[in-house]
Amino acid sequence: TASEPFEIFGFDYRWNTYIVIAQSYTNYLIVNATAADDNAEIITMGYFRNCRSSPLSAGCEGRSFDAWGWIGGTSGFISVANNYESPPIDIQLGSTAGSVTVTAQDSLSQSTYNFRVVRPPPPSVPKITGLGKFLEALIVASQPPSLEV
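It should be emphasised that the depicted structure is a prediction, and the values quoted were computed from it without experimental measurement.

Counting buried residues in strand β8 (residues 94-103) gives seven out of ten residues, a clear majority hidden from the surface. Alignment of β8 against strand β9 (residues 110-119), held across ten bridges, turns out to be antiparallel. The residue of β9 that forms the bridge with S95 is V118. The turn linking β8 back onto β9 is made up of six residues, and S107 within it adopts a positive phi angle of 65 degrees.

Below is the structure:
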């Protein structure tokens with residue numbers, strides 16, 4: 001989930017592509033793009049889920065649907081004010097792409113920043129079974145102790 005926000009450190013307006021490594025349990029992310037120039041007119045982002053038409057899930061709960069101006073469709077591009085949260089962008093195992101375009105006050109100048117979120121699969125621990133009670137007990141005993149309190 002996106003319960004723990006993290007910032008992309010090292011952002012530089014002269015770079016237009018970023019890679020974000022997410023935790024394997026992260027299902028969606030929220031983008032809060034802030035323009036370097038407070039006079040930036042529009043920030044357009046995509047490709048985001050329409051919380052109004054898609055079934056409500058963890059990323060949509062408790063959010064205002066009206067702020068994003070969607071009526072129909074399951075996902076698409078949105079425009080938000082400077083320093084405003086996006087709807088959730090679902091991230092799949094593997095790689096998911098998105099973009100943020102900032103339009104200047106003159107309505108002509110634009111800068112587009114692309115990001116790719118990489119979500120690795122959860123770690124897997126092989127399980128050995130069917131060896132008999134004695135060997136299975138040895139395998140369990142060889143596991144590192146749990147230090148949780």
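A separate point is the packing of aromatic side chains. Following the criterion strictly, the structure yields one aromatic pair and no others. With a centroid separation of 6.5 Å and an interplanar angle of 45 degrees, the aromatic rings of W15 and Y18 are classed as tilted. What makes Y18 buried here is its relative accessible area of 10%.

This next bit is on a nonpolar patch on the surface. A cluster of nonpolar side chains, namely L131, F134, L135 and L138, defines an oily patch on the protein surface of about 400 Å² accessible area. Here L135 is to be found in helix α1 (residues 133-142). A residue is classified by how much of its surface remains accessible, and L135, at 41% relative accessible area, is partly exposed.

A separate point is the side chain of T101. Relative to the helices and strands, T101 resides in strand β8. When its relative accessible area of 13% is taken as the criterion, T101 is described as buried. Only 3.0 Å separates the side chain of T101 from the side chain of T112, close enough to count as a polar contact.

Cut-offs and rules
- For every chain, the first residue of its written sequence is number 1, and the numbers climb from 1 along that sequence.
- Where local features are concerned, this predicted model is filtered to residues with pLDDT of at least 70; where side-chain atom pairs are given and counted, the filter is 80 or more; whole-chain, interface and lining totals use all residues.
- Processing note: side-chain calculations cover all non-hydrogen atoms of the structure and skip hydrogens and water entirely.
- Note on classification: 1.4 Å probe, protein chains only; a residue is buried when its accessible area is under 20% of the maximum for its type, exposed when over 50%, partly exposed between these limits.
- Secondary structure elements follow DSSP: runs of H or I of four or more residues count as helices, runs of E of two or more count as strands, with numbering from the N terminus.
- Note: two strands are recorded as paired if DSSP finds a minimum of 2 bridges between them.
- Classification of ring pairs rests on two measures: the distance between centres of Phe, Tyr or Trp rings, Trp counted by its six-membered ring, which must be within 6.5 Å, and the angle between planes, read as stacked under 30 degrees, edge-to-face over 60 and tilted in between.
- Patch criteria: residues need more than 30% relative accessible area and no salt bridge. Like-charged residues are merged within 9 Å; nonpolar side chains of Val, Leu, Ile, Met, Phe, Trp and Tyr are merged within 5 Å.
- What sets the accessible areas is the Shrake-Rupley method with a 1.4 Å probe; for residues, cover comes only from the shown protein chains.
- Any carboxyl oxygen of Asp or Glu within 4 Å of a side-chain nitrogen of Lys or Arg constitutes a salt bridge here.
- Two N or O atoms form a polar contact when they lie within 3.5 Å of each other; inside protein one atom must be a possible hydrogen donor and the other a possible acceptor, and for residues adjacent in sequence the pair counts only when both atoms belong to side chains.

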